[in-house]
Amino acid sequence: IIMEKEDLRVKKTKRSIEESFMTLFYHYNFEQITVKGITEEAEIGRKTFYLHYLDKYDLVDSIVKKAFTELEVICERKKGLGLKKGSEIWFDYFNEHRLFFERLFKIPNSNSYKKQLKELVINQLKENIDQKLIEDQQLDFQLFLRFFASGIIEFIEIYISDNTYTKEDFVKQIIPLLKGIYK
(Lines give C-alpha, C1' and ligand atoms only; values in the text may rest on other atoms or scores of the structure.)
Protein backbone atom coordinates (compact mmCIF):
# COMPACT_ATOMS: atom_id res chain seq x y z
CA ILE A 1 0.00 0.00 0.00
CA ILE A 2 2.85 2.41 0.77
CA MET A 3 4.32 1.79 -2.70
CA GLU A 4 1.01 2.68 -4.38
CA LYS A 5 0.82 5.97 -2.49
CA GLU A 6 4.36 6.77 -3.49
CA ASP A 7 3.61 5.96 -7.13
CA LEU A 8 0.52 8.16 -6.96
CA ARG A 9 2.57 11.03 -5.51
CA VAL A 10 5.18 10.60 -8.22
CA LYS A 11 2.45 10.64 -10.89
CA LYS A 12 0.88 13.76 -9.39
CA THR A 13 4.24 15.51 -9.15
CA LYS A 14 5.18 14.66 -12.74
CA ARG A 15 1.75 15.77 -13.96
CA SER A 16 2.14 19.04 -12.06
CA ILE A 17 5.59 19.60 -13.57
CA GLU A 18 4.34 18.78 -17.08
CA GLU A 19 1.28 21.01 -16.74
CA SER A 20 3.42 23.85 -15.43
CA PHE A 21 5.85 23.43 -18.30
CA MET A 22 2.97 23.44 -20.81
CA THR A 23 1.53 26.62 -19.29
CA LEU A 24 4.89 28.32 -19.75
CA PHE A 25 5.44 26.67 -23.17
CA TYR A 26 2.24 28.24 -24.51
CA HIS A 27 3.24 31.71 -23.31
CA TYR A 28 7.02 31.88 -23.76
CA ASN A 29 9.64 30.78 -26.25
CA PHE A 30 11.29 27.53 -25.21
CA GLU A 31 14.62 29.31 -24.68
CA GLN A 32 12.99 31.61 -22.12
CA ILE A 33 11.66 28.74 -20.00
CA THR A 34 13.85 27.80 -17.06
CA VAL A 35 13.75 25.01 -14.51
CA LYS A 36 13.33 27.77 -11.91
CA GLY A 37 10.27 29.06 -13.77
CA ILE A 38 8.81 25.55 -14.08
CA THR A 39 9.31 24.82 -10.37
CA GLU A 40 7.79 28.15 -9.36
CA GLU A 41 4.76 27.50 -11.58
CA ALA A 42 4.43 23.95 -10.18
CA GLU A 43 5.04 25.18 -6.61
CA ILE A 44 7.73 22.58 -6.00
CA GLY A 45 11.42 22.74 -5.16
CA ARG A 46 14.14 22.40 -7.74
CA LYS A 47 15.33 19.18 -6.03
CA THR A 48 11.91 17.67 -6.68
CA PHE A 49 12.14 18.61 -10.35
CA TYR A 50 15.59 17.00 -10.63
CA LEU A 51 14.34 13.81 -9.01
CA HIS A 52 12.15 13.30 -12.07
CA TYR A 53 13.94 15.04 -14.97
CA LEU A 54 17.52 15.86 -15.93
CA ASP A 55 16.61 19.28 -17.34
CA LYS A 56 13.91 21.01 -19.39
CA TYR A 57 15.01 19.08 -22.50
CA ASP A 58 14.44 15.77 -20.72
CA LEU A 59 11.02 17.05 -19.65
CA VAL A 60 10.01 18.08 -23.18
CA ASP A 61 11.30 14.72 -24.50
CA SER A 62 8.99 12.99 -22.04
CA ILE A 63 6.02 15.12 -23.11
CA VAL A 64 6.75 14.51 -26.82
CA LYS A 65 7.04 10.77 -26.20
CA LYS A 66 3.55 10.81 -24.65
CA ALA A 67 2.15 12.80 -27.58
CA PHE A 68 3.62 10.35 -30.11
CA THR A 69 2.34 7.39 -28.09
CA GLU A 70 -1.11 9.00 -28.18
CA LEU A 71 -0.74 9.43 -31.94
CA GLU A 72 0.20 5.74 -32.33
CA VAL A 73 -2.94 4.77 -30.38
CA ILE A 74 -5.01 6.96 -32.70
CA CYS A 75 -3.39 5.28 -35.71
CA GLU A 76 -4.39 1.88 -34.32
CA ARG A 77 -7.95 3.07 -33.73
CA LYS A 78 -8.36 4.43 -37.26
CA LYS A 79 -7.39 1.14 -38.90
CA GLY A 80 -10.14 -0.18 -41.11
CA LEU A 81 -11.96 3.17 -41.26
CA GLY A 82 -10.74 3.93 -44.75
CA LEU A 83 -8.33 6.44 -46.16
CA LYS A 84 -10.60 9.50 -45.98
CA LYS A 85 -11.85 8.95 -42.42
CA GLY A 86 -8.36 7.93 -41.24
CA SER A 87 -6.83 11.09 -42.74
CA GLU A 88 -9.51 13.24 -41.12
CA ILE A 89 -8.83 11.66 -37.70
CA TRP A 90 -5.08 12.23 -38.20
CA PHE A 91 -5.54 15.93 -39.00
CA ASP A 92 -8.09 16.30 -36.18
CA TYR A 93 -5.36 15.21 -33.77
CA PHE A 94 -2.97 17.85 -35.10
CA ASN A 95 -5.72 20.45 -35.03
CA GLU A 96 -6.47 19.63 -31.37
CA HIS A 97 -2.78 19.92 -30.54
CA ARG A 98 -1.97 22.67 -33.03
CA LEU A 99 -0.39 25.08 -30.56
CA PHE A 100 1.73 22.33 -28.99
CA PHE A 101 3.18 21.20 -32.34
CA GLU A 102 3.54 24.74 -33.64
CA ARG A 103 5.64 25.65 -30.60
CA LEU A 104 7.44 22.29 -30.57
CA PHE A 105 8.60 22.72 -34.17
CA LYS A 106 10.13 26.09 -33.22
CA ILE A 107 12.41 24.60 -30.54
CA PRO A 108 16.07 24.72 -31.64
CA ASN A 109 16.44 20.89 -31.58
CA SER A 110 13.01 20.28 -33.15
CA ASN A 111 14.58 18.28 -35.98
CA SER A 112 14.88 15.30 -33.64
CA TYR A 113 11.13 15.51 -32.95
CA LYS A 114 10.34 15.82 -36.63
CA LYS A 115 12.55 12.80 -37.26
CA GLN A 116 10.66 10.79 -34.60
CA LEU A 117 7.37 11.85 -36.18
CA LYS A 118 8.69 10.88 -39.60
CA GLU A 119 9.57 7.40 -38.29
CA LEU A 120 6.05 7.06 -36.91
CA VAL A 121 4.62 8.09 -40.32
CA ILE A 122 6.95 5.66 -42.14
CA ASN A 123 5.77 2.82 -39.91
CA GLN A 124 2.14 3.71 -40.61
CA LEU A 125 2.75 3.93 -44.35
CA LYS A 126 4.66 0.63 -44.31
CA GLU A 127 1.59 -1.08 -42.84
CA ASN A 128 -0.85 0.53 -45.26
CA ILE A 129 0.87 0.87 -48.62
CA ASP A 130 0.98 -2.03 -51.03
CA GLN A 131 4.71 -2.75 -51.33
CA LYS A 132 4.28 -4.91 -54.43
CA LEU A 133 2.55 -2.07 -56.33
CA ILE A 134 5.45 0.25 -55.54
CA GLU A 135 8.12 -2.30 -56.46
CA ASP A 136 6.22 -3.22 -59.67
CA GLN A 137 6.85 0.38 -60.76
CA GLN A 138 10.62 -0.22 -60.31
CA LEU A 139 10.68 1.95 -57.17
CA ASP A 140 12.60 1.26 -54.00
CA PHE A 141 9.99 0.78 -51.27
CA GLN A 142 12.12 2.22 -48.43
CA LEU A 143 13.01 5.33 -50.43
CA PHE A 144 9.37 5.74 -51.42
CA LEU A 145 8.29 5.55 -47.75
CA ARG A 146 10.88 8.13 -46.70
CA PHE A 147 9.95 10.46 -49.54
CA PHE A 148 6.23 10.20 -48.88
CA ALA A 149 6.67 10.56 -45.10
CA SER A 150 8.68 13.76 -45.66
CA GLY A 151 5.78 15.14 -47.69
CA ILE A 152 3.31 14.28 -44.94
CA ILE A 153 5.52 15.99 -42.32
CA GLU A 154 5.59 19.08 -44.56
CA PHE A 155 1.79 18.91 -44.84
CA ILE A 156 1.53 18.76 -41.05
CA GLU A 157 3.87 21.74 -40.63
CA ILE A 158 1.84 23.79 -43.12
CA TYR A 159 -1.41 22.68 -41.49
CA ILE A 160 -0.39 23.76 -37.99
CA SER A 161 1.34 26.99 -38.97
CA ASP A 162 -0.81 28.32 -41.81
CA ASN A 163 -4.53 28.85 -41.24
CA THR A 164 -5.08 29.34 -44.97
CA TYR A 165 -5.77 25.62 -45.45
CA THR A 166 -8.41 23.49 -43.78
CA LYS A 167 -8.31 19.83 -42.82
CA GLU A 168 -10.51 19.14 -45.86
CA ASP A 169 -7.94 20.82 -48.14
CA PHE A 170 -5.23 18.43 -46.96
CA VAL A 171 -7.45 15.36 -47.04
CA LYS A 172 -8.35 16.24 -50.66
CA GLN A 173 -4.62 16.30 -51.49
CA ILE A 174 -3.67 13.11 -49.67
CA ILE A 175 -6.45 10.84 -50.93
CA PRO A 176 -5.55 10.99 -54.66
CA LEU A 177 -1.87 10.51 -53.80
CA LEU A 178 -2.51 7.37 -51.74
CA LYS A 179 -5.64 5.99 -53.35
CA GLY A 180 -4.02 3.63 -55.86
CA ILE A 181 -1.35 2.28 -53.51
CA TYR A 182 -3.22 2.07 -50.21
CA LYS A 183 -4.11 -1.46 -49.05
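Summarised in this report is the structure supplied together with it. Only a predicted model underlies this, so the values are computations on that prediction, with no experimental measurement involved.

**Section: empty space enclosed by the protein**
Applying the stated rule across the entire model yields one cavity of 30 Å³ or more. As a volume, the largest cavity reaches approximately 210 Å³. Surrounding the largest cavity, 14 residues form its lining, Lys78, Trp90, Leu125, Ile152 and Leu178 being those nearest its centre. When residues of the lining of the largest cavity are traced back to their parent elements, those giving at least two are helix H5 (83-96), helix H7 (110-128) and helix H10 (167-179). Its residues assigned to classes, the lining of the largest cavity shows nine nonpolar, four polar and one charged.

**A word on the packing of helix H9 (residues 141-161) against H10**
Interhelical geometry of H9 versus H10 gives an angle of 170 degrees and a closest axis separation of 11 Å. Classified by the angle their axes make, H9 and H10 are roughly antiparallel. Across the interface between the two elements, Phe148, Phe155, Ile158 and Tyr159 from H9 touch Lys167, Phe170, Gln173, Ile174, Leu177 and Leu178 from H10. Broken down by class, the residue content of the contact of H9 with H10 amounts to eight nonpolar, one polar and one charged.

Rules behind the numbers
Residues numbered from 1 in each chain as written. Predicted model: local features only at pLDDT ≥ 70, side-chain atom pairs only at ≥ 80, totals over all residues. Heavy atoms only, no water. 1 Å grid on protein atoms, 1.4 Å probe; cavity = no way out; pocket = protein on both sides within 12 Å on 5 of 7 lines; lining within 4 Å. Points joined across faces, edges and corners; volume = space filled by probe spheres on them. Helix = DSSP H or I, 4+ residues; strand = E, 2+ residues; numbered from the N terminus. Nonpolar A, V, L, I, M, F, W, Y, C, P; charged D, E, K, R; others polar. Axes fitted to C-alpha atoms, helices over the stretch in contact; angles between N-to-C directions. Parallel < 35°, antiparallel > 145°, perpendicular 65-115°, else oblique. Contact = heavy atoms within 4.5 Å.

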